[in-house]
Amino acid sequence: MPSAAYAYLISVVAAISGLLFGFDIAVINGAIIFLRQQFGLSEVQTEVAAGSLLIGCVFGASFAGWLSDRFGRRKILIFSAVLFALSAFGAALPRNLDEFIVARFLGGLAVGAASLLAPLYIAEVSPARIRGRLVALNQMTIVTGILLAYLVNWSLSFLGPSSWRWMFAAAAVPALVFFIALFFVPESPRWLVECGRESTALGILSRVSGAERARQELAEIKEAIAEESGTLAELFEPGMRRALGIGVALAILQQITGINTVLFYGSIIFRERVGGHTESAAIGANVFIGAVNFLATIVALWLIDRTGRRPLLMLSSGVMAVCQLALGAAFLMQPPPGMLVLGIMLVLLAAFAVGLGPGVWVVMAEIFPTRVRGRAMSIATVSLWIACVALTMTFLSLAKAITISGAFWLYGFWCLVMYWIVWRYTPETKGKTLEEIEKVWRRH
Ligand code: BGC
């Protein structure tokens, strides 16, 4: 098999977890309406039911890095596949709210773990030339999962009050596929070198990059690992501290620039804030949003190894800033014009999908040294999920406190901060091997 095809195959398998990530975070949107009726949930109970997955993500992301440094990337991915399947069945079959919350929390552990392990594992098996695109494949599957969830919800909703059970059960199919497929992919060669299993690592590198290049890569990996102490303290040494700071800042800013308010609350915004929309029109607008997210991500895949990460991230945050400003202004009008609001949201989403969506995960998977990559990426990913919880839990009350326009302007401000951090501090990683990127920090 030609080498790039093998790298693609491995990446596609790892990226199936993105499909589950996207599906699991978005499926609740439609399901919650029925769940609420069936269990007679109060406002607070509804919020807990909706939020339990995200809380699980924070924990999943915090353990997975450490576990994967110790036991290997692939083993922990397999473990997350089991959790994905358990959660799909568990969320479909509960007799009461408590059981539902536990099932979704387990699903959150899986989403959190996979959200960091899939990009990290893909980055570690990919040749530098196409690494950006392969890692971004994971974002492609995330947005596919979101779109699938909207479509599954819509098509199952005619089943009536129990339809929510089928909505959650649907995730069992990709979870089982993911579980089985993981037995056909190799462990990360970089992790294997770190454990001293060089000949196995060389075999995998040769299949990805060809025998000659593989020997060279193996030597580079060994050299880089020899320079690493592998302790957490290493992360706080001057050069690495900078890498960690950038990783965490990008992670938090990807969330607080506000994209998930549109993705999670899109239909509520339309129904309650923009006059003259029925429920189905509001849900229809959501499907549109999911489709644009999907299409724009394809553009990102095509561009990320051509233009590099920095230009995409800067373009993305710049356009998003303008959109958030415009969105705030549109909501000053009484009533806000529906088509205008939808139009701006679509541009906002397209801008996110071309840059911040895939780009942040790509950079996070690239900028840390091998021996601490799992733990370092954990710190950044946990920050991302905490910011995600904070954003989604505060959006409605923030809109009450400072008006919805104020909320969008605040997100717009964070877009500018994102622009500045990328422009001023984030190195270009396009085309460099992970070992070359590591050297950038050691120079600081
Ligand atoms: C983000 C998620 C977001 C998704 C939307 C991901 O990169 O981390 O928070 O929901 O993109 O496409």
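Check the entry above for the structure.
Since the structure is predicted, the reported quantities are computational estimates derived from the model, not experimental observations. (Residues numbered from 1 in each chain as written. Predicted model: local features only at pLDDT ≥ 70, side-chain atom pairs only at ≥ 80, totals over all residues. Heavy atoms only, no water.)

A.B. asks: Which parts of the structure should I look at to understand the overall build of the protein?
C.D. replies: The helix and strand tally for the protein stands at 18 helices and 0 strands. Computed over its C-alpha atoms, the radius of gyration of the protein comes to 21 Å, within 12% of the 22 Å expected for a compact globule of 444 residues. Dimensions of the protein, computed from the C-alpha atoms along their principal axes, are close to 65 × 45 × 40 Å. Out of the 444 residues belonging to the protein, those deemed buried represent 60%. Considering only intrachain contacts with a sequence separation of at least 6, the fraction spanning at least 24 residues in the protein is 83%. Of the roughly 17100 Å² that the protein leaves accessible, carbon and sulfur atoms contribute 70%. Within the protein, one finds 34 positive and 26 negative side-chain charges whose respective centroids are separated by 2 Å. (Helix = DSSP H or I, 4+ residues; strand = E, 2+ residues; numbered from the N terminus. Rg over C-alpha atoms; globule rule 2.2 N^0.38 Å. Buried < 20%, exposed > 50% of the residue type's maximum accessible area, 1.4 Å probe, protein only. Contact = heavy atoms within 4.5 Å. Areas by Shrake-Rupley, 256 points an atom, 1.4 Å probe, with all protein chains shown as cover. Lys, Arg positive; Asp, Glu negative; His and termini not counted. Charge placed at Lys NZ, Arg CZ, Asp CG, Glu CD.)

A.B. asks: Can you walk me through the packing of helix 5 (residues 131–156) against helix 16 (residues 356–366) in this structure?
C.D. replies: The relative placement of two packed helices comes down to the angle between their axes together with the axis-to-axis distance. With their axes 9 Å apart at the nearest point, helix 5 and helix 16 run at an angle of 120° to one another. As the angle between them shows, helix 5 and helix 16 are arranged oblique. Crossing of helix 5 over helix 16 shows right-handed handedness. Residues Arg131, Gly132, Val135, Ala136 and Gln139 of helix 5 touch helix 16, and the partners they reach there are Gly357, Pro358, Trp361, Val362 and Glu366. Its residues assigned to classes, the contact of helix 5 with helix 16 comprises 5 nonpolar, 3 polar and 2 charged. (Axes fitted to C-alpha atoms, helices over the stretch in contact; angles between N-to-C directions. Parallel < 35°, antiparallel > 145°, perpendicular 65-115°, else oblique. Left-handed = near helix turned anticlockwise from the far one by under 90°. Nonpolar A, V, L, I, M, F, W, Y, C, P; charged D, E, K, R; others polar.)

A.B. asks: What should I look at first to understand the packing of helix 11 (residues 238–256) against helix 17 (residues 370–425) in this one?
C.D. replies: Across the interface, helix 11 lies against helix 17 with an axial gap of 3 Å and an inter-helix angle of 30°. Taken as axis vectors, helix 11 and helix 17 run roughly parallel relative to one another. A class-by-class count of the residues in the contact of helix 11 with helix 17 yields 23 nonpolar, 4 polar and 1 charged.

A.B. asks: How should a nonpolar patch on the surface be read in this particular structure?
C.D. replies: Taken together, the side chains of Tyr419, Trp420, Trp423 and Tyr425 make up a nonpolar region of the molecular surface, amounting to roughly 420 Å² of accessible area. Residue class for Trp420 comes out partly exposed when judged on its relative accessible area of 40%. (Patch = residues over 30% accessible without salt bridge, like charges linked within 9 Å, V, L, I, M, F, W, Y side chains within 5 Å. Salt bridge = Lys/Arg side-chain N within 4 Å of Asp/Glu carboxyl O.)

A.B. asks: Quick question: what am I supposed to make of the site of the ligand here?
C.D. replies: Near the ligand you find Ile25, Gln139, Val143, Ile146, Gln254, Gln255, Asn260, Leu263, Asn293, Phe352, Gly357 and Trp361, and these make up its full shell. Within the side chain of Gln255, an N or O atom sits 2.9 Å from an oxygen atom of the ligand. With respect to the ligand, the side chain of Asn260 contributes an N or O atom lying 2.7 Å from an oxygen atom. In isolation the ligand offers 310 Å² of accessible surface; the protein chains occlude 99% of this area. When contributions to the shell around the ligand are tallied by element, the ones reaching two or more residues are helix 5, helix 11, helix 12 (259–273) and helix 16. (Near = heavy atom within 4 Å. Polar contact = N/O pair within 3.5 Å; in protein donor to acceptor, adjacent residues only side chain to side chain.)

A.B. asks: Got a minute to help me understand the packing of aromatic side chains in this structure?
C.D. replies: Any aromatic ring pair is given by two values, namely how distant the centres are and how the planes are angled relative to each other. Scanning the model with the defined rule gives 15 aromatic pairs in all. With 6.2 Å between their ring centres and 85° between their planes, Phe100 and Trp164 make a pair best called edge-to-face. Here Trp164 lies in helix 6 (residues 163–169) and Phe100 lies in helix 4 (residues 97–125), a separation of 64 residues in the sequence. With centroids separated by 6.5 Å and ring planes inclined at 35°, the aromatic side chains of Phe395 and Tyr411 adopt a geometry described as tilted. By relative accessible area, which is 1% here, Phe395 ends up buried. Overall, Tyr411 belongs to the buried group, its relative accessible area being 3%. Here the aromatic residues Phe39, Phe100, Trp164 and Phe168 are joined through ring pairs into a cluster of three or more. Taking NZ or CZ as reference, Arg207 lies 3.9 Å from the ring centre of Tyr6, over its face. (Phe/Tyr/Trp six-rings, centres within 6.5 Å; stacked < 30°, edge-to-face > 60°. Lys NZ or Arg CZ within 6 Å of the ring centre and 35° of its normal.)

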